[in-house]
Every structure is written in C-alpha cells, then in structure tokens.
Amino acid sequence: MRGCVTASIDWRVSMQLSQRLDDLRESGLLRQARTMRPSANGWCEVDGQLLRNFASNDYLDLAHDERVIAAAREALDEYGVGARASALVCGRSEWHARLERRLAEFEGTQDAILFPTGYAANVGTLSALIEPSDTVFCDRFNHASLIDGMRLSRARLRVYRHDRLDTLRRELMAGKTTGHKWIVTDTVFSMDGDLAPLTEICDLADQSGADVIVDEAHATGVFGPSGRGVCELTSTEDRVAVRIGTLSKAVGTQGGFVAGSSELIAWLRNSARTQVYSTALPPAICAAAVRSLELIQSEPERRTRLFQLSDLLRAELRRFDLNVLEQSHGPVIPLVLGDPDEAVQAARLVEQQRFLVAGIRPPTVPQGTSRLRISVTAAFNEQDIRALAVAITRAVSELTMQEKT
Ligand SMILES: *Cc1c(COP(=O)(O)O)cnc(C)c1O
C-alpha cells in the first residue's frame, strides 16, 4: 500500500505468521471479513449485490426501526458520540442509568449492569466472580467468551458433553471438586440453535450445592412469553444465580448486561475489569436500547412471527430432505454439510440466488460439522422463506452433483 510503513516485526515471527496463514488457506479455513451495507427490511448489499440477509442476529428487525433510530439520534444530538470515560470515572450518563433500571425491570431482578459488549460481560463477570480454588462445569459448546472468562478466573475447568447431562451429574456428585461449584451454560447454543435443559441443570445444581450462570445472548427478546429468554420459558428465573445477556442481537443495538441481586451487581461494578477499565457504551446506544426494549414488550407479535417463519423454514428444508439439526428450535437453523469447503461453496451458491447465509467452519464448530447457519428474522415474509428453502435446496444439490462428476 502506498505510504504504508513496514512494521518492524521480528522476521521469524513474520515467517511464522505467513506459514500459519498458508496452512489456514490450504485447509479451507482462512476467513476474510467482507464489507456489508445494511438497509431496511432485512436487505443488505455485499460486493454490489443486494441480498436478503439470513446471517443476521437482529432477530426482531429492530436495528433499523425508525423509532429506535430516532431515540439514538435525539440522544446523539444532546450527548455527542463517545461516552468519554469508563462508568466509574465519568462515562455513565443519565441514559446508562435509565437503561440499567429498564433492564432490571425487564428481567425482574433487583439490579442490572452494562458492559461494552456481551463478550466483555461474560469475560468480566466470570473472572470477577469465580475464585481460582473453585470448580467450573462447562458445556462443550459454550460461547468462546464464556470459555475465556473461565480461563481468566484460573478455576478448575470441567467440560461436559453437550448432550450428556449424565456426565455432568456424575462429575458434580463425584466429590473430588474443590471450592465452590459453578455450572456455566449458554441457554441457546449459537451454532446448533438448541436450548440448554435448564430445569434439569438447576435440579443438578440444587442437589450438588452449585450455582448456575447462564448466557442468554441468543434468547433475550426471542424466547419466553415476555421475551426475557429461556429462564423465563422454563420458569427457572429464581433458580439461576447470574443472568448475562447482550443488547447486540435481538435488541438490535450494542452492549452486554448482567441482571441479578443488588449485591452481585455492586460487586461487578467494583470488580469486573472489562467494565471498570473500558469506556462506557455511547449514550445514544443506551437510548436506542431503552426504546428497543419497550418495543420488545409492546410488540410481542414480532416474536410470534419470528417463530412462525422459523418453523416454516425448518419444515420446508425437511420437505426437501435436507439435514436440519434435529434439536434446533427458534430462529437459528443449522444445516450440517461436513467439510469446510462444502460450507463455503454452499454459502456462495445460495448467495448467487440473492440470499446471504453464513458458512460456518472450525474452530467455531467441531471438525467435520461445517455448516450453513441460517438465522431467520422478523423482517421477512413467508414468500421469502419459501424462496430461501428453494435456493438452499438448489445449492446443496448442485454441490452433490459437482462431487459426483
Ligand atoms: C454473540 C454472543 C456473545 C457476545 O455478545 P456480543 O454482544 O456480540 O459481544 C456472547 N455469548 C453468546 C452465546 C453469543 O452468541
């Protein structure tokens, strides 16, 4: 690039990086971020092509809602863009306070605290709460940010198989653990779209004296009669010690949060390093999230529609004999293909038919389970869904034909 300074990284490191990048390229695992221009009604533009976006986590179609944008714009004019400092220094505006109150009301907890992202909420909360002498039981498919938070806590980590609560039970009861016991789980698994068996997990926690920490990232706004998530759906809200969520998915904005007891929140405010040592969210984002939460409560039909469309897509794909993961439930619909190349090619063939879907490869999913991950949003209608099912079916049969020849 013209005018670009050659960075003075050690030549051995530089060689190593280029070797590793080559390895990734050769195994079909090199990833590149493309530039995407979102527009209203679920469409987006990628490489000059208009596509219907089925790779978005904006499940309720609120990121582009005029009322949410207006709320952000108003606060933007009044407060400027950046928050200027972390919350404890001077970055917490009236909008942050209002959003934290709203989140506590929404979740029905004593208090709530904001983080810059859901990722930061998980890392900061787990590392502030779990002691090195504790033992953490972790689902194998938990989100990377939960894993990183547990690693930072330096506690003993016990990973249990996603579909094997019996191993969790055995290990919890084995009596070989030290310190306090924690069970940490996603409530909706982001790549399989299935739900954690929270009732059974809470029962096991009761029997073994463990505390449960859940990440509702894909569930907030989507699951439960009022959209509070899988804890609400399974009536386990008063059995879970810590509820973590994100504002960046169905809420359509940005940021993470934790809802819980006053004591828990006060502790996190004082000690969660990703919150203490990071600049607070922009006030305008908080204003947008307040408005968005109001809409999640006042327009439950968005949720109903989301589930109707998701169920329709699942049924259509199965009608064409495609291998939709049995256990997926709600808007995340995985279609396992196997090879990373297949997933990438299938995504490209679907894209040629003007639908954007994600091709997901290791390390995000285990080897041999590369897949198309389709996420449905309330922006679409039944016609879009039927057309998408046809596009995917065409793509997959084209791939199969290519393999045969
Ligand atoms: C997306 C996601 C996060 C991270 O949330 P961000 O707000 O995007 O940082 C955390 N946990 C799970 C399960 C997720 O899917």
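Model, not experiment: these values are computed from the prediction. (Residues numbered from 1 in each chain as written. Predicted model: local features only at pLDDT ≥ 70, side-chain atom pairs only at ≥ 80, totals over all residues. Heavy atoms only, no water.)

**Description of the packing of aromatic side chains**
Throughout the structure, instances matching the rule amount to three aromatic pairs. Their ring planes at 50° and their centres at 6.0 Å tell us that Phe-54 and Phe-355 sit as a pair that is tilted. Of this pair, Phe-54 sits in the loop between β3 (49-53) and α2 (66-79) while Phe-355 is found in strand β12 (residues 355-356), placing the two residues 301 residues apart along the sequence. Classification of Phe-355 by relative accessible area gives buried; the value is 2%. Where Phe-54 meets Phe-380, the ring centres are 4.2 Å apart and the plane angle is 15°; that geometry is what we call stacked. (Phe/Tyr/Trp six-rings, centres within 6.5 Å; stacked < 30°, edge-to-face > 60°. Helix = DSSP H or I, 4+ residues; strand = E, 2+ residues; numbered from the N terminus. Buried < 20%, exposed > 50% of the residue type's maximum accessible area, 1.4 Å probe, protein only.)

**What about empty space enclosed by the protein?**
Scanning the model with the defined rule gives three cavities of 30 Å³ or more in all. The computed volume of the largest cavity comes to approximately 110 Å³. With three residues, strand β4 (residues 111-115) is the single largest residue contributor to the lining of the largest cavity. Looking at the lining of the largest cavity residue by residue, the class counts come to seven nonpolar, four polar and three charged. (1 Å grid on protein atoms, 1.4 Å probe; cavity = no way out; pocket = protein on both sides within 12 Å on 5 of 7 lines; lining within 4 Å. Points joined across faces, edges and corners; volume = space filled by probe spheres on them. Nonpolar A, V, L, I, M, F, W, Y, C, P; charged D, E, K, R; others polar.)

**Notes on the layout of surface pockets**
Put simply, the largest pocket is a space of about 1200 Å³. Every residue lining the largest pocket is counted, 36 residues in all, and those nearest its centre are Arg-31, Gln-32, Ala-358, Gly-359 and Ile-360. Of all elements in the fold, only α5 (118-129), β9 (242-246), α14 (340-351) and β13 (358-360) reach the threshold of two or more residues within the lining of the largest pocket. Looking at which element gives the most residues to the lining of the largest pocket, the answer is α14, with four residues. Along the lines of polarity and charge, the residues of the lining of the largest pocket split into 15 nonpolar, 13 polar and eight charged.

**A closer look at the site of the ligand**
Taken together, 14 residues sit near the ligand, with Gly-118, Asp-215, His-218, Thr-246 and Lys-249 positioned nearest. The side chain of Ser-248 places a nitrogen or oxygen atom 2.9 Å from an oxygen atom of the ligand. Coverage of the ligand by the protein chains reaches 86% of its 380 Å² of free accessible surface. Given that more than half its atoms are within 2 Å of the pocket grid, the ligand belongs to the largest pocket. Looking at the shell around the ligand element by element, the count peaks at three residues for α5. (Near = heavy atom within 4 Å. Polar contact = N/O pair within 3.5 Å; in protein donor to acceptor, adjacent residues only side chain to side chain. Areas by Shrake-Rupley, 256 points an atom, 1.4 Å probe, with all protein chains shown as cover. Sits in = over half its atoms within 2 Å of the grid points.)

**So, a nonpolar patch on the surface**
Side chains of Ile-9, Val-13 and Leu-17 sit close together on the surface and give an oily, nonpolar patch of about 230 Å² of accessible area. Mapped onto the elements, Leu-17 comes out in helix α1 (residues 11-26). (Patch = residues over 30% accessible without salt bridge, like charges linked within 9 Å, V, L, I, M, F, W, Y side chains within 5 Å. Salt bridge = Lys/Arg side-chain N within 4 Å of Asp/Glu carboxyl O.)

**Here's the deal with the sheet that holds β3**
Strands sit in the order β1-β2-β3-β12 across an open sheet of four strands; the sheet is mixed. Only two strands of the sheet have a single neighbouring strand rather than two, namely β1 (36-38) and β12. Strand direction decides the pairing type here: strand β2 (residues 43-46) and β3, joined by four bridges, are antiparallel. Across the sheet, the residue bridging to Glu-45 is Leu-50, located in β3. (Pairing = 2+ DSSP bridges.)

**Focus: the sheet that holds β4**
Taken in spatial order, the seven strands make up an open sheet running β4-β10-β9-β8-β7-β5-β6, and their pairing is mixed. For this open sheet the edge positions go to β4 and β6 (156-160), each flanked by a neighbour on one side alone. Across the sheet, the mean angle separating the axes of adjacent strands is 20° when strand polarity is ignored. Direction of pairing for β9 relative to strand β10 (residues 256-260): antiparallel, over a ladder of four bridges. (Axes fitted to C-alpha atoms, helices over the stretch in contact; angles between N-to-C directions.)

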